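Topology and contacts: notes
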Amino acid sequence: MQSDKGSTSGGYRLKGTLAKSTTERPLVTVVTAVFNGQPHVAGCLESVLSQDYPNIEHIILDGGSNDGTIEVLRQYDNKIAFWKSERDKGVYDAWNKALLEAHGEWICFLGIDDEFLPGAVSAYMALAAKNPQAEYLCSKVKWVDPSGNERIIGRPCTWRKFLRFMCALHVGSMHSKRLFERYGQFDTSYRISADYEFLLRPRADLRTAFLPAVTVLMRAGGISDSIKALYEANRARLETGGLTKALSFFDLGLAVTKYKARPVTSLVRNTLNRTTVPFDHGRSS
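Described below are features of the structure shown in this document. (Residues numbered from 1 in each chain as written. Predicted model: local features only at pLDDT ≥ 70, side-chain atom pairs only at ≥ 80, totals over all residues. Heavy atoms only, no water.)

1. A few points about helix α4 (residues 120–130)
We apply this condition: Three labels apply to residues, based on accessible area from a 1.4 Å probe with only protein chains included: buried if under 20% of the type maximum, exposed if over 50%, partly exposed otherwise in between. Here a strand is any run of E in DSSP of at least two residues, a helix any run of H or I of at least four, and the numbering for each starts at the N terminus. The directions from the helix axis to the C-beta atoms form the arc being described.
Among the residues of α4, A120, V121, Y124, M125, L127 and A128 are the ones counted as buried. Along the axis of α4, the buried residues cluster in a sector spanning 155°; they form a single face. Residues of α4 that are exposed and point more than 90 degrees away from the buried face comprise A129 and K130.

2. Brief notes about the layout of surface pockets
Heads up, the rule is: Space inside and on the surface of the protein is sampled on a 1 Å grid over the protein atoms alone, with a cavity defined as a set of points where a 1.4 Å probe fits but cannot get out and a pocket as an open set with protein on both sides within 12 Å along at least 5 of 7 lines; lining residues have an atom within 4 Å of a point. Grid points are joined across faces, edges and corners, and a volume is the space filled by probe spheres set on the points. Side-chain classes follow a simple rule in which Ala, Val, Leu, Ile, Met, Phe, Trp, Tyr, Cys and Pro form the nonpolar group, Asp, Glu, Lys and Arg form the charged group, and the remainder, Gly included, forms the polar group.
The volume enclosed by the second largest pocket comes to roughly 230 Å³. The wall of the second largest pocket is formed by 16 residues, among which P26, W106, M125, A128 and A129 lie closest to the centre. The dominant element in the lining of the second largest pocket, judged by the number of residues it contributes, is α4, at four residues. For the lining of the second largest pocket, a count of residues per class yields eight nonpolar, four polar and four charged.

3. Brief notes about the packing of aromatic side chains
Using the following cut-off: Stacked, edge-to-face and tilted labels apply to pairs of Phe, Tyr and Trp rings (six-membered ring for Trp) whose centres lie within 6.5 Å, assigned for plane angles under 30 degrees, over 60, and everything in between, in that order.
Inspection of the entire model under this criterion finds ten aromatic pairs. Their ring planes at 65° and their centres at 5.8 Å tell us that F180 and F186 sit as a pair that is edge-to-face. Under the relative-accessibility criterion, F180 is labelled buried at 11%. Accessibility expressed as a relative area gives 4% for F186, which makes it buried. Aromatic pair F180 and F198: ring centres 4.7 Å apart, planes at 15°, arrangement stacked. Taken together, the positions of F180 in helix α6 (residues 177–183) and F198 in helix α7 (residues 194–200) put the pair 18 residues apart, joining distant regions of the chain.

Take a look at the structure:
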């Protein structure tokens with residue numbers, strides 16, 4: 001479908017089919033932002049479509065790709081709730097646009113080069129049912145770097161830890177729509193760490209629950225894995241008033257040092273043959 005303003009859109013929602021929450025099955029909205037991600041589009045979409053949880057809507061916001069991404073989205077036109085392609089101001093601008101389209105009780109953000117593992121959404125919704133007070137749900141993630149090395153990362157999120165560094169893995173994690181109703185949208189003045197800044201706003205009032213299982217395959221790389229991201233995270237901690245300047249800059253210095261030392265630590269891991277952690281297929285560790 002071509003709109004009057006030059007944007008392209010599709011999905012079964014435009015044909016009148018709307019997903020809704022029920023008491024037994026809250027609707028989950030999966031948001032994906034993409035720009036020229038054609039090699040990974042099908043894998044991302046299939047990972048959502050193959051979930052055994054029966055009440056999911058997938059919203060894809062494309063930033064005007066010209067690499068074949070749109071052609072892949074058209075192939076899935078009857079299987080995804082809504083997609084739209086138009087120029088945007090970055091991933092957080094795209095996410096904010098998607099929030100206006102989201103109907104879910106729970107909202108998560110899945111990168112185009114990331115994939116849900118089987119049973120992930122069902123496991124999260126079971127966690128939500130057991131923790132009705134929780135408004136943010138996170139889990140473990142299978143992290144894979146460009147060389148093929150992989151690790152299982154992710155830990156329970158407490159305010160004291162979260163204030164010092166983003167110990168939760170944002171990819172695929174679940175946000176109650178109540179968070180966005182109370183705290184607004186993502187701050188697009190951040191180019192890398194707006195997701196962290198958003199979750200810092202509630203401070204100690206952020207009610208969380210942790211799923212000790214692997215839910216997502218996350219491919220490493222990109223601007224979020226950079227020194228720039230560390231500086232933005234430091235800015236978020238300062239602007240939300242979580243830390244003093246002295247402690248915040250101490251944490252920043254430590255994080256930058258660890259980042260610069262990664263080639264050495266990675267070499268040590270490889271030498272000791274401990275880089276690859278056995279994948280538990282979603283079981284608790």
